[in-house]
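Survey of secondary and tertiary structure
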Amino acid sequence: MATSTYTVTGMTCGHCVGSVQKEIGKIDGVTSVDVDLASGLVKVESTAPLANADVVAAVDEAGYEVAS
């Protein structure tokens, strides 16, 4: 089991949270996605470490950005 934390910018509501959770959840091996709207922190649990590019692409697909 691997856990990664990212900061996502641009989210302003529950719909934003749902979009980010949905897109990251599509990545192979992801078992859970926990998004804190107030801080922008996204905690991702997966069966193996994820490629950072996959998470960035999923967040981009949802319409937001991973802070560098």
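I will try to describe carefully the structure that is included in this document. Computed from a predicted structure; not experimentally measured. (Residues numbered from 1 in each chain as written. Predicted model: local features only at pLDDT ≥ 70, side-chain atom pairs only at ≥ 80, totals over all residues. Heavy atoms only, no water.)

Here we look at the sheet that holds strand β1 (residues 2-9)
Adjacent strands of a sheet pair through backbone hydrogen bonds, lying either parallel or antiparallel. Note the cut-off: Should DSSP find at least two bridges between two strands, the strands are regarded as paired. We count a stretch as a helix when DSSP gives it H or I for four or more residues in a row; a strand needs E for two or more, and each element gets its number in order from the N terminus. The contact definition used throughout considers only heavy atoms, calling two residues in contact when any of these lie within 4.5 Å. Only the stretch in contact is used when fitting a helix axis, every axis being a line fitted to C-alpha atoms; angles between N-to-C directions are given from 0 to 180 degrees.
Spatial strand order, β2-β3-β1-β4: 4 strands in an open sheet with antiparallel pairing. At either end of the open sheet lies a strand with only one pairing partner, and these are β2 (30-35) and β4 (65-66). In this structure, β1 lies alongside β4, joined through 2 bridges in antiparallel fashion. Along β4, the bridge assignment pairs T9 with E65. Helix-sheet contacts for helix α1 (residues 14-25) involve β1, β2 and β3 (41-46), and the interaxial angle to β2 is about 160 degrees.

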